[in-house]
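# Observations on chain architecture
These are the residues of each chain, in order.
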Amino acid sequence: MVEATDDTRAEDLVFDPPAEFAANAVAKGSLYADAAQDRLGFWADQARSLLHWHRPFTQTLDWSEAPFAKWFADGKLNVAYNCLDRHVLAGNGDRVALLWEGEPGDSRRLTYAELTAEVKRAANLLTALGIRQGDRVAIYLPMIPEAIIAMLAVARIGAVHSVVFGGFSAESLRARIDDAEAKLVITADGGYRRGRVSPLKPAVDAALESGDSTVEHVLVVQRAWPDDEELAWTDGRDLWWHEEIAQVDWEHEAQGFDAENPLYILYTSGTTGKPKGILHTSGGYLTHVAYTHRNVFDLHPETDVYWSTADVGWVTGHSYVVYGPLANGATEVIYEGTPDTPRPGRWWEIVQKYGVTILYAAPTAIRSFMKAGREIPQQSDLSSLRLLGSVGEPINPEAWLWYREVIGGNRTPIVDTWWQTETGGIMISPLPGVTAAKPGSAQVPLPGITVEVVDDKGRPLGNDESGLLAIPEPWPGMLRGIWGDPQRFIDTYWSKFPARPTGPVYFAGDGARRDHDGDIWLLGRVDDVMNVSGHRLSTAEIESCLVSHPWVAEAAVVGAHDETTGQAVVAFVIAKARHADEANAEGATNELRAHVASSIGAIARPRELFIVNELPKTRSGKIMRRLLRDAAEGRPLGDTTTLTDATVMQAIADRLKN
Ligand code: PRX
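Reading guide: rules and limits
Residues numbered from 1 in each chain as written. Predicted model: local features only at pLDDT ≥ 70, side-chain atom pairs only at ≥ 80, totals over all residues. Heavy atoms only, no water. Core = buried A, V, L, I, M, F, W, Y, C linked by side-chain atoms within 4.5 Å. Buried < 20%, exposed > 50% of the residue type's maximum accessible area, 1.4 Å probe, protein only. Helix = DSSP H or I, 4+ residues; strand = E, 2+ residues; numbered from the N terminus. Domains from an automatic or database assignment. Contact = heavy atoms within 4.5 Å. 1 Å grid on protein atoms, 1.4 Å probe; cavity = no way out; pocket = protein on both sides within 12 Å on 5 of 7 lines; lining within 4 Å. Points joined across faces, edges and corners; volume = space filled by probe spheres on them. Nonpolar A, V, L, I, M, F, W, Y, C, P; charged D, E, K, R; others polar. Pairing = 2+ DSSP bridges. Axes fitted to C-alpha atoms, helices over the stretch in contact; angles between N-to-C directions. Near = heavy atom within 4 Å. Polar contact = N/O pair within 3.5 Å; in protein donor to acceptor, adjacent residues only side chain to side chain. Areas by Shrake-Rupley, 256 points an atom, 1.4 Å probe, with all protein chains shown as cover. Phe/Tyr/Trp six-rings, centres within 6.5 Å; stacked < 30°, edge-to-face > 60°.

## Re the nonpolar core
- Grouped together as the largest cluster of nonpolar side chains are 157 residues, with contacts concentrated most on Ile-186, Tyr-323, Leu-326, Leu-469, Ile-542 and Leu-546.
- Broken down by element, the residue count for this core peaks at 9 residues, all from helix α7 (residues 145–156).
- Viewed by domain, this core spans two of them, domain 1 (467–521) and domain 2 (533–657), each represented by three or more residues.
- Residues contacting Ile-186, with those up to four places away along its chain left out, are Leu-126, Val-137, Ala-138, Ile-139, Tyr-140, Leu-141, Ala-150, Leu-219 and Trp-241.
- One finds Trp-307, Tyr-335, Ala-365 and Leu-385 within the second-largest nonpolar core, a separate group that totals 33 residues.

Rendered as structure tokens:
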């Protein structure tokens, strides 16, 4: 281990891959040369070797209608068949697919043969409920096997799922149901969170309460419900999963669908108040996630036990809990609950119990464990771990070094993976048996992926220069659009930089820098998107939610640095004159914070909320969020000369100091 002294720069610390790891690694350094020589040929080879095609493709990429890409367009495949049936047919039906652990300590183990059978039955049930190719199904479930079964069943019949994170409110769920015009909602009575039942079905009821919706049925998995409470039920609309599934056939033959058949919509926050429905399709996406899952995580499916701690409600849960691992025939752990329930070391007990070899987690979780102390993980035997991954936000070198030492026993390589809901799969990451790892840097684009750091005009920058992250060439897992809004797709992602002869250039929304070796360091978002615990939140969405409260005249929200969660939501609110008394009464800030939690979801609840008399604005009326961020982070105020009234900012800063 390299000792970090005060004057060592993080970028000078490097860890070579252990020799034994490198010798047995799935990904060799030659991948870079192979991909560079013929990028499209490289992807076509990956698509052919990693997947089963019902009808082989002859075209690799059609970029003629850029930015609307088509990959492997004349091929046909079935995504669920690729994740299930073919492993059984290859003689691996007895291999465990899912090692599920419920928060209360109950568990289930499903082999590939069993999971295939469950998904076939669920596919028949969906068909019986009238779901057809292209129909949208909303999934609002806890981390239980049925979440994965439901997603794969939807995929199997060529329909489109829209998974909504169980922590989102009824209102957020309804907005997503309406936007996608979902015909069916699959939910559970409740799930376990922090030792208690966390209800889900009542949120679905509340979501569907007002006005007509497109939902015909609500299919309810029986998971958790308090004994002494009644579960509301709408006859004709609500159906129990276990009752319905008992009535359908176990046999189901998977049909091939076009490679560009939509697979899912996943909503993510943007710079406006309305979340964007990111659309992913089948063949290119599955190629990208299978390839990255195998190479970045060095997957040896016969022996590894892989665990991604992500919830299926986020893109990591789609790409690296469901589609990547199962396409590769991996054995994986799925955990329902929170990391510290019922004991602070629950995660590490799970690693020991199942002999987890590959762990993929978010820096926020690592930093919370760091804060709680190394004694906690040290109570469990973590010697099975051989590779660690990080995702969702920049991992600071200190957390990286702790992760490697305390969790990885100074043995394991760490892969810091940069990607987005929009990219579908990992784009920048070390290869664990090849790249000498640098704490805090995601480092290099994967073979087959082109990434640049550019200036405002889209001109590539050199080493030791900071700019914007751009992707100049299409990739198989890329988003195919924003559901129902092609113009927003073009405007948001493809219009920031001038197009090149090869086509438009993708704008990621992240700042980045290359160090003196050319390694890439991510510098956070450059737009009004916050990253709280690795989850994306929009300042505009929270502002419009605050303004919907009767007391609020105006609101400004910023993401301020937070030691554990990366960023935290800090809100500044101006009360309406006629509600000034209520807004200044005790408990008012908590009421407004709770309003955000109940209308968007608990993750959006501001850490702090200040009632102020005015907001700092430029002469053209734009709120200067940068200044609010300075104040929220306790920094001296920057240049305030462009403000209409420079005293406003001083008043706010003084408030915060108290
Ligand atoms: O800002 C980057 C950050 O998370 C954003 C994408 O968020 P989301 O679509 O929710 O996907 C999260 C899981 C892939 C990016 O624009 N981000 C993600 N991974 C990293 C990261 N920032 C720094 N380092 C990373 N490894």
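## Here's the deal with empty space enclosed by the protein
- Counted according to the given criterion, the structure contains 3 cavities of 30 Å³ or more.
- Looking at the largest cavity, its volume works out to about 90 Å³.
- Taken together, 15 residues form the lining of the largest cavity, with Phe-15, Asp-16, Pro-413, Ile-414 and Ala-437 sitting closest to its centre.
- The residue makeup of the lining of the largest cavity, split by class, is 10 nonpolar, 2 polar and 3 charged.
- Forming the boundary of the second largest cavity are Leu-77, Asn-78, Val-79, Ala-155, Gly-158, Ala-159, Phe-257, Asn-261, Pro-262, Leu-263 and Ser-282.
- Its residues placed into classes, the lining of the second largest cavity shows 7 nonpolar, 4 polar and no charged.

## Description of the sheet that holds strand β12 (residues 238–240)
- An order of β12-β11-β8-β6-β7-β14-β15-β23 is seen for the 8 strands of this open sheet, with the pairing classed as mixed. Every other strand in the sheet has two partners, leaving β12 and β23 (481–482) as the edge strands with one partner each.
- On the sheet, helix α12 (residues 315–327) packs against β7 (160–163) and β14 (262–268) and is oriented at approximately 145° with respect to β14.

## Some points on the environment of Ser-49
- Here Ser-49 is to be found in helix α3 (residues 39–50).
- Sequence separation between Ser-49 and Thr-287 is 238 residues; the distance between their C-alpha atoms is 9.3 Å.

## What to know about the site of the ligand
- Near the ligand you find 17 residues, and of these Asp-416, Thr-417, Thr-421, Asp-510 and Arg-536 are the closest.
- A distance of 2.7 Å separates a nitrogen atom of the ligand from a polar atom in the backbone of Thr-417.
- Its free accessible area being 540 Å², the ligand has 96% of it covered by the protein chains.
- Elements with a minimum of two residues in the shell around the ligand: α12, β20 (414–417) and β25 (520–525).
- Residue composition of the shell around the ligand, by class: 6 nonpolar, 6 polar and 5 charged.

## Topic: the domain arrangement of the protein
- Per the domain assignment, the segments making up the protein are domain 1 (467–521) and domain 2 (533–657).
- Computed from C-alpha atoms alone, the centre-to-centre distance between domain 1 and domain 2 is 30 Å.

## As for the packing of aromatic side chains
- Applying the stated criterion to the full structure yields 34 aromatic pairs.
- Taking the centre distance of 5.7 Å and the plane angle of 75° together, the rings of Phe-42 and Trp-43 count as edge-to-face. Note on accessibility: Phe-42 and Trp-43 belong to one class, buried.
- With centroids separated by 4.9 Å and ring planes inclined at 75°, the aromatic side chains of Trp-43 and Tyr-291 adopt a geometry described as edge-to-face. With Trp-43 in helix α3 and Tyr-291 in helix α11 (residues 283–296), the pair connects residues that are 248 residues apart, well separated along the chain. The same class applies to Trp-43 as to Tyr-291, namely buried.
- Through a chain of ring-to-ring contacts, three or more aromatic side chains come together here, namely Trp-63, Phe-68, Trp-475, Phe-489, Tyr-493, Trp-494 and Tyr-506.

## Things to note about the sheet that holds β25
- An order of β21-β22-β24-β25 is seen for the 4 strands of this open sheet, with the pairing classed as antiparallel. Each edge of the sheet is formed by a strand with only one pairing partner; in this case those strands are β21 (452–454) and β25. Taking each pair of neighbouring strands and ignoring which way they run, the sheet shows an average axis angle of 45°.
- Sheet topology note: the β21/strand β22 (residues 465–471) ladder contains 3 bridges and is antiparallel. Bridged to Val-454 within β22 is Leu-468.

## Comments concerning the side chain of Glu-422
- You can see Glu-422 is positioned in the loop between β20 and β21.
- When its relative accessible area of 1% is taken as the criterion, Glu-422 is described as buried.
- Polar contacts involving the side chain of Glu-422 include one to the side chain of Arg-536, which spans 2.9 Å.
- If we skip the residues at most four places from it in the chain, Glu-422 touches Thr-268, Lys-276, Ile-278, His-280, Trp-475, Gly-477, Met-478, Leu-479, Tyr-493, Tyr-506 and Arg-536.

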